[in-house]
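If you want the building blocks of each chain, they are given just below.
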Amino acid sequence: MSIRKKITSKPWLPMLIWIIGIILVWEIAATIVSVTKRTPENVLPHLYQIFGQIFSTKAVSSGKTATMLVLDSASKTLFRAAIGFITGTVLGFVLALIMKISKLAEKTIFPYLMLIQMVPILGMAPIILSITGDINTSRIVIAAILTFYPVATNTLAGFNAVEREKYDLMYSYAASKYTIYKKVLIPYSIPYFFTGLKISAPMAITASILVDTLQGDGGLGSMLSQSLKHAMSIYVFWLIVFFSAFIGIFSSYFMGFLEKAVLPHKRKTKIKRKDDAV
Amino acid sequence: MSRKLKRKKSLWYRIHQNEKVQSAETVLLPLLFGFLFMIMWQTQKLHTLLHTDTFTLPLPSRILTIIADNSDKIMLNVNATVIVTLAGLVAGSLIGYGIAVLAALFPKWGSCGLKIIAAFNAIPIVALAPVMTNWTKDVSNHADIRSMVAKIMVVTIVCIANMSINAYRGLTELKPFSEDLMCSYAASKRVTLIKLRLPNSVPYIFTALKVAVPSSVISALVSEYFAEYIVGVGRQIRENIVLAQYSSAWAYIVVACLIGIIMYAVLMIAQSFMLKKRA
Amino acid sequence: MSDVMEKIKTEDRTVEIKIRDLGMTFKDNNGNDMKALTGVNLDIYKGEFISLLGPSGCGKTTLLRMIADLLEPTDGSIHIDGRIPKEVRLMQKFGIVFQSAVLFDWRTVRKNIELPLETMKFNKAEREQRSSEMLEMVGLTKFADHYPVQLSGGMQQRVNIARALAIRPEILLMDEPFSALDEFTKEKLHKDLLQIWRKTNKTIIFVTHNISEAVFLSDRVCVLSPHPGRLSAVVDIDLPRPRTLEMRETQHFNELVLKVRNSFEGGSL
Amino acid sequence: MSDVMEKIKTEDRTVEIKIRDLGMTFKDNNGNDMKALTGVNLDIYKGEFISLLGPSGCGKTTLLRMIADLLEPTDGSIHIDGRIPKEVRLMQKFGIVFQSAVLFDWRTVRKNIELPLETMKFNKAEREQRSSEMLEMVGLTKFADHYPVQLSGGMQQRVNIARALAIRPEILLMDEPFSALDEFTKEKLHKDLLQIWRKTNKTIIFVTHNISEAVFLSDRVCVLSPHPGRLSAVVDIDLPRPRTLEMRETQHFNELVLKVRNSFEGGSL
Amino acid sequence: GSKAPAPTEKAPEASSDAKTEQAAPKTNEDILVAAAQAGKVGNWGLGNEYEVKALLTKYGQDTSYLSQAFDMDGFDDDSITLASAMTYNELGLVKNDYDGGYGYGDSVNVIDMNDEGVAMLEDNIFTTKAFAEANPNTVKAFLYASIKGWEYAAQNPDEASKICFNYGSSVSEDHQKYMASEVKKLVETDMSGNAVSDIGNMDEAAMKQTLDLAKQYIKLDDSVAADKLSTLTLDDIRNTSYLTEALASDGKFDNLEKTDVSIQLKWLPQAQFMGYYVALEKGYYDEVGLNVTIVPGGGDISETTAVNNGTVDFGVTWVSNLIAANAGGMDLLEVAQIYQRSGLVLVYKNDNFK
Ligand SMILES: Nc1ncnc2c1ncn2[C@@H]1O[C@H](COP(=O)(O)OP(=O)(O)OP(=O)(O)O)[C@@H](O)[C@H]1O
Ligand SMILES: Nc1ncnc2c1ncn2[C@@H]1O[C@H](COP(=O)(O)OP(=O)(O)OP(=O)(O)O)[C@@H](O)[C@H]1O
Ligand SMILES: [Mg+2]
Ligand SMILES: [Mg+2]
């Protein structure tokens, strides 16, 4: 094998080159913007300017540096995202279970689950606020509503993918319905469930950023719009954009990691996902 | 075919077995549910259930009255929203598909590229929309045009990742040996693409679109909040909510849902038409 | 339409399963009736190894599923020791081996074998004792803590059989258990199966579409023909027991194979 | 390790495919070398029907894929009429029939058969003429406009064969084409295949793990053994042509089967 | 980093399409007409637009405007040449060059709504009618302490701005300071430019002007709401008795119906609301026996909604928003008017209208 071949066969290399390429394109664009625009940092700042902010010691607001501010508000947002995500996951799983138990329920509920995803959050927010009476609970509930769908559909797909033979087997043991759910359906659907989680985890974070803006008491969403309003350094905005993208990807990978931890044996589940709605 | 765990052969069960009854159920049950829901809503049972009032959740009759009273204005806003949604959906899907094709032709680089594109999904729309408004400042002197472009760009970006990831799977998750088959014919990459990969990816395109339709509607609505030119269903929802005009806001919310439902229905019809002959 | 009533043996064997005028009619996609199986009359003896043989779609699986109460016949009756299949199923007397191994990915080999024991509320000690015994019998003791994906197809099929035997069923129903395996693994499992059968002396109903497999294993071969699915012949296999692989090359074996082959109606070959 | 060099026939037959010291080494999951196939020497004659027989994992598919230039050998060489496989592939001389039918769902039966003709730029008239001819040959003329999902497994496999033959390949490579089918369909297709072979007189390389299938169809059976994959014997099948199903019940057939069975090394049975 | 102001460099390029307007004189009317004709008047909308619409109507222009983002980038790049700005906020960003500022200094000028006679009253204190009736003493106590806070803040704007900053400010310290000094003016001066003696006073004429303009320029799709709007009177939206009695009291309130109360601001924590923060910081609320939580606003759950559904007890909003909400079916009641004049101006670059 030639040296060239050896290097190009490294799996991380294409990724590295992609990242370098994107950085290059960004920097070229940023350079163009910086000479043509009066406030280039609002349009496309240089990457080093954005990441420079991480180490900046200058107080941006309330005596906090940009990094402190982002981390502070992130802790609020991520906490809500986590709770919303867990709520949504439980909700999605329970809904999938109900829809599996009753075909009638599936046919009745399913189209509306889809519809709920289409109702703009602004419409839901006041109603949920009046139900819960507390803005933070409302935020969590909305984040849950925005994230339960992938979990519900994927888990249901998992339930429905159980082979007929597995039922027959359990039936021949005269097993109860409860036993079949406990021993077959639920364990079988776990990988599908995790597929749902991998999709809904980043969604929970973007949803939680969205619901931050329901009221101005902190959180990444509030800081993002504040920064956009130039009430503070615009770099806070850019930092949040990068931070949320990073956390979103990380959350998805984290679910994959969790799956491996929960399912230590390598399950060769070829999930056919041609048609399950995500 | 789904199988019952219980094997009671009651009349009820036998009726259920009938295929026509089954497909009728698929349509009728949700409709029935929707109808009951509307009755509960109109009679304010729903309000008691949700601990809310007719101010926060106006009655259907009032909402419909407002829709009827303002049909011209609503159509104007619907037009704007639908144009943005469709244009963004089409552009995003095409670009996404194009990326997927490139990735399928150069898998080593492509699969990495897709991972990076997937990262776009993790950027919140609330961050994307204002940036796009800034980026499109030079597009036109007319605020309505540059706003539209900005909004379309938001929807486009939201659709790209979804389509490219799904289409890539459609282009690469081939039946075992089908690539070998084309190879044995000494078929070129191009011919393999046209004869094998593209047709194979059709069901996956629909999977992508099924996700993309609702999310393109939502992102069109959100991008309207941030657009310079004031038009669109989303903008109207926000204006009315902020002004505490819940009845009017709900009129627009209903309209927004209708846009989504109609687009989804069209998609499902197209799908059943296109995939009629497939397994 | 044929309605072959198999000749009742004069020897003193107790009939365990009595099948009379059995039929099953499905609705096809257009809502028309489709006779999957019709007019089956058959007596199966206690401790017998009987095969159901026939081409795809002739109703072998349908028949097996009706015996196991996984499907309710539209015509006729089945009685097992005078009971209807449902009672027998609830008494947990059936052991079923499906074509695919139907193992549970998330359970180890041992846990897979213990699954029916769990649903039947055996206590832990007894479960372990039985599963160890079964693992020993199918020669997989060393693999007790492996997961199914770590096993070859043949080993998976052995787990499948072990699981069915773990509950010590009266009646073992096997639906094309070996058809996915390669010839070599298959022959190995044939030997194993016959050995297990000899030890436990269960009644085995074995579904297959492989003539020589049916002849090699069985006491009797029931030949089913399609369109509509029906029992077209029952052939006694008088090869001596225990059977050896070499018997398959004998003249008599070939004659029996030919006899079975010729008993298909409508020249389906 | 055995390195059986098959005895070159003294008769006047032209060697078409010359395989010399062929070997293939894969990397396994831990990055270790794994010999899938080693030291294969074989001459295949023009117009011959030759089988590659062996248990799962012995390298049958690997060998076939190397001949078809779907895999590059790590050792040794293959020459086909003096050319390397890649040239022959680019000359479009191979027809391949895979284990699963690999039909394209979105094409009708006819369009599936025409697929290779399209890629080889035949004009429309010629495509139609050839596909009609092929449909006729495999007896599926009535199903020309059906989609694959509307066909049974056996019919799909016939389309698969028709497609491979449509381009009139010099060499037909078949990788376990019938192993997913039931015995009865399989026997029907055996007859069909032999008939087609007689008509067209292609060279056929046929992969299987079924001994009697190999013996019944072939001029010669190449026996492969695993760990590491190697050619352990080549058995001449001197049954007369044309072959009939009845031959399978003859003494000579059984002897040949036994001979092939015994030629496996390491007692893999 | 901070931006160097470069209006002179950019001017020729930026105003290329405004060259024809160079000969125009520079009265407010001319500037407004020029900008309106070019379609470059900006406002944020969402209930902030009525004064601008009134001004456009006053000069015979169409009432459409561009949606202005909550930054001044559109003004900066001349896609909006006549931009809305609050004197205490955006105007400061436009003029000053601290972090987030655009640094135009004196090269910009403004059209003031108060001078043009189209001013509407802004920040007030309101609650629901039901809450006020059920908790009169609480309302009075809250008003008493809040007004005390505002009085102190107006006298010591620098200190007030620091207090705000420490309460989780959303803006930089420099801007906070600027804001406090401007808010002071709005609290202490009325629409005609006269000094106001009592903070929180609901001036009858100013309220009337606000209501009239609201009736004229708030356009509602809902016919029921529109009808209600046209019949609203001042008594439907405000009650002066609570404030009067609160200010007349000795600052001792017994029998408080509710001691834990909250107030939702119209926006994020900043000196715009310094009176409440000062009252909290200095313990004025404690003195009257109230435990007050200040809830930041600025989100999609508006203060009117939050007060109406009882998640908070008091709110700060603009009078026009309160009018619209009551027309829509809420029953809100203004109990004090903190800002005595409009803080809204239209800002323009002098260069664009030479
Ligand atoms: N649930 C069902 N609904 C409708 N038709 C059915 C059903 N189950 C089986 N059939 C039909 O009944 C016939 C017999 O099916 P069965 O599965 O018993 O065949 P088989 O002999 O087991 O075939 P194979 O060897 O392919 O497993 C077939 O034509 C099949 O299509
Ligand atoms: N691409 C590959 N990478 C690594 N190992 C491989 C690869 N392809 C085949 N092998 C290994 O090479 C060996 C021979 O495989 P091959 O597919 O040729 O067997 P086979 O005889 O065709 O078996 P079967 O009857 O199951 O099809 C096996 O052990 C297999 O695991
Ligand atoms: Mg079957
Ligand atoms: Mg193979």
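It should be emphasised that the depicted structure is a prediction, and the values quoted were computed from it without experimental measurement.

So, on to the overall build of chain B. For chain B, the helix and strand inventory stands at twelve helices and zero strands. In chain B, the succession of α and β elements from N to C terminus is α-α-α-α-α-α-α-α-α-α-α-α. Dimensions along the principal axes, computed over C-alpha positions, put chain B at roughly 70 × 70 × 30 Å. For chain B, the proportion of its 279 residues judged to be buried stands at 55%. Partitioning the contacts of chain B with sequence separation of at least 6, the portion at a separation of at least 24 is 71%. Accessible surface, chain B: about 12,300 Å² in total, of which carbon and sulfur atoms supply 71%.

Here we take up the overall build of chain A. Secondary structure summary: chain A contains twelve helices and two strands in total. Going from N to C terminus, chain A has its helices and strands arranged as α-α-α-α-β-β-α-α-α-α-α-α-α-α. Within chain A, the proportion of its 278 residues that are buried is 58%. Looking at chain A alone, contacts between residues at least 24 apart form 69% of all its contacts between residues at least 6 apart. Surface accessibility of chain A: about 11,500 Å² in total, with carbon and sulfur atoms responsible for 73%.

Residue and element names in this part refer to chain C. Taken together, Phe26, Met34, Ala36, Pro55, Ser56, Gly57, Cys58, Gly59, Lys60, Thr61, Thr62 and Glu176 are the residues near ligand 1. Contact between ligand 1 and Cys58: an oxygen atom at 3.3 Å from a main-chain N or O atom of the residue. Relative to its unbound accessible surface of 640 Å², ligand 1 loses 66% to contact with the protein. Of all elements in the fold, only β2 (33–45) and α1 (60–67) reach the threshold of two or more residues within the shell around ligand 1. No other element matches the three residues that α1 contributes to the shell around ligand 1.

On to the site of ligand 2. All names here are of chain D. The local shell around ligand 2 consists of Phe26, Met34, Ala36, Pro55, Ser56, Gly57, Cys58, Gly59, Lys60, Thr61, Thr62 and Glu176. Between Gly57 and ligand 2, the recorded distance is 2.8 Å, taken from a backbone N or O atom to an oxygen atom. Measuring from an oxygen atom of ligand 2, one finds a side-chain N or O atom of Lys60 at 2.8 Å. Protein contact buries 60% of the 630 Å² of open area that ligand 2 shows by itself. For the shell around ligand 2, the secondary structure elements donating two or more residues are β2 (33–45) and α1 (60–67). Of the residues that constitute the shell around ligand 2, the class distribution is five nonpolar, five polar and two charged.

Let us look at the arrangement of the chains. Contacts are most numerous between chains A and B, taken over all seven pairs of chains that touch. Between chain C and chain E there is no contact; the minimum C-alpha to C-alpha separation amounts to 47 Å. At the level of C-alpha atoms, the two units chain D and chain E stay apart, their nearest approach being 49 Å.

Next up on the list: the sheet that holds strand β9 (residues 230–236) of chain C. Hydrogen bonds between backbone groups are what pair the strands of a sheet, and the pairing can be parallel or antiparallel. Residue and element names in this part refer to chain C. Spatial strand order, β5-β6-β7-β3-β8-β9: six strands in an open sheet with mixed pairing. This sheet does not close on itself; its edge strands, each paired only once, are β5 (94–97) and β9. The average angle at which neighbouring strand axes cross in this sheet is 20 degrees, direction not considered. In this sheet, strand β8 (residues 220–225) lies alongside strand β3 (residues 49–53) in parallel orientation, the contact comprising four bridges.

Take the domain arrangement of chain A next. Residue and element names in this part refer to chain A. Each assigned domain of chain A is listed with its residue range as follows: domain 1 (1–44) and domain 2 (57–277). Interface area for domain 1 against domain 2, summed over the two sides, is near 410 Å², with a carbon-plus-sulfur share of 67%. Here domain 1 and domain 2 share zero salt bridges between them. When residues of the side of domain 1 that touches domain 2 are assigned to their parent elements, the largest contribution, three residues, is made by helix α3 (residues 40–43). Residue composition of the side of domain 1 that touches domain 2, by class: three nonpolar, one polar and one charged.

Take the interface of chain A and chain B next. Residue-level contacts link 53 residues of chain A with 58 residues of chain B. The junction of chain A with chain B conceals about 5,200 Å² of combined surface from both sides, 74% of it contributed by carbon and sulfur atoms. Where chain A packs against chain B, one counts zero salt bridges. Our enumeration of links across chain A and chain B arrives at five residue pairs in polar contact (both at pLDDT 80 or more). Mapped onto the side of chain A that touches chain B, the elements with two or more residues apiece are α2 (12–36), α3, α6 (103–118), α7 (121–132), α9 (164–172), α10 (177–212), α11 (220–228) and α12 (235–262) of chain A. With ten residues, the single largest contributor to the side of chain A that touches chain B is α6(A).

Below, the discussion takes up the sheet that holds strand β7 (residues 203–208) of chain D. All names here are of chain D. Taken in spatial order, the six strands of this open sheet run β5-β6-β7-β3-β8-β9, and their pairing is mixed. Because the sheet does not close on itself, it has two edges, and the strands there are β5 (94–97) and β9 (230–236). Ignoring strand direction, the axes of neighbouring strands in this sheet form an average angle of 20 degrees. Of the strand pairs in this sheet, strand β6 (residues 171–175) and β7 are connected by five bridges, and their pairing is parallel. By the bridge assignment, Asp175 is partnered in β7 with Val207. Contacts from helix α5 (residues 153–166) reach β5 and β6, with the element oriented near 170 degrees to β5. Here helix α8 (residues 251–262) sits on the sheet in contact with β3 (49–53), β8 (220–225) and β9, set at roughly 165 degrees to β9.

With that settled, the discussion passes to empty space enclosed by the protein. Across all of its chains, the model carries eleven cavities of 30 Å³ or more by this definition. Lining the second largest cavity we find 25 residues, and of these Ser212(C), Arg248(C), Phe253(C), Ser212(D) and Arg248(D) sit closest to its centre. For the lining of the second largest cavity, the class distribution of residues is six nonpolar, seven polar and twelve charged.

This part covers helix α3 (residues 109–119) of chain D. For α3(D), the tally of buried residues reaches nine of eleven residues, placing the bulk of the element in the interior. Among the residues making up α3(D), those that are buried are Val109(D), Asn112(D), Ile113(D), Glu114(D), Leu115(D), Pro116(D), Leu117(D), Glu118(D) and Thr119(D). Packed against the buried residues of α3(D) are α9 (178–184) and α10 (189–226) of chain B together with α4 (124–137) and α5 of chain D.

Now for the pattern of salt bridges. Throughout the structure, instances matching the rule amount to 62 salt bridges over all chains. Between Arg261(C) and Glu249(D) there is a salt bridge, with the nearest N and O atoms lying 3.7 Å from each other. Of this pair, Arg261(C) sits in helix α8 (residues 251–262) while Glu249(D) sits in the loop between β9 and α8, placing the two residues on different chains. Comparing Arg261(C) with Glu249(D), the two get one shared label, buried. Of the charged contacts in the structure, one is a salt bridge between Lys349(E) and Asp78(E), with a shortest N-O distance of 2.8 Å. Of this pair, Lys349(E) sits in strand β10 (residues 344–349) while Asp78(E) sits in the loop between α4 (73–76) and β3 (82–86), and the two are 271 residues apart along the sequence. Just as Lys349(E) is buried, Asp78(E) falls in that class too. Connected through salt bridges with shared partners, the residues Arg164(A), Asp168(A) and Arg65(C) form a single ionic network.

Let's shift gears to the packing of helix α5 (residues 71–105) of chain B against helix α11 (residues 233–242) of chain B. All names here are of chain B. The contact between α5 and α11 brings their axes to 7 Å, and the two run at 125 degrees. Judged by the inter-axis angle, α5 sits oblique to α11. Seen from α5, the contacting residues are Lys73, Asn77, Val78 and Thr81; seen from α11, they are Val233, Gly234 and Gln236. Grouping the constituent residues of the contact of α5 with α11 by class yields two nonpolar, four polar and one charged.

Rules and cut-offs
- Residues numbered from 1 in each chain as written.
- Chains lettered and ligands numbered in written order.
- Predicted model: local features only at pLDDT ≥ 70, side-chain atom pairs only at ≥ 80, totals over all residues.
- Heavy atoms only, no water.
- Helix = DSSP H or I, 4+ residues; strand = E, 2+ residues; numbered from the N terminus.
- Buried < 20%, exposed > 50% of the residue type's maximum accessible area, 1.4 Å probe, protein only.
- Contact = heavy atoms within 4.5 Å.
- Areas by Shrake-Rupley, 256 points an atom, 1.4 Å probe, with all protein chains shown as cover.
- Near = heavy atom within 4 Å.
- Polar contact = N/O pair within 3.5 Å; in protein donor to acceptor, adjacent residues only side chain to side chain.
- Nonpolar A, V, L, I, M, F, W, Y, C, P; charged D, E, K, R; others polar.
- Pairing = 2+ DSSP bridges.
- Axes fitted to C-alpha atoms, helices over the stretch in contact; angles between N-to-C directions.
- Domains from an automatic or database assignment.
- Buried area = accessible area lost by both parts, 1.4 Å probe.
- Salt bridge = Lys/Arg side-chain N within 4 Å of Asp/Glu carboxyl O.
- 1 Å grid on protein atoms, 1.4 Å probe; cavity = no way out; pocket = protein on both sides within 12 Å on 5 of 7 lines; lining within 4 Å.
- Points joined across faces, edges and corners; volume = space filled by probe spheres on them.
- Parallel < 35°, antiparallel > 145°, perpendicular 65-115°, else oblique.

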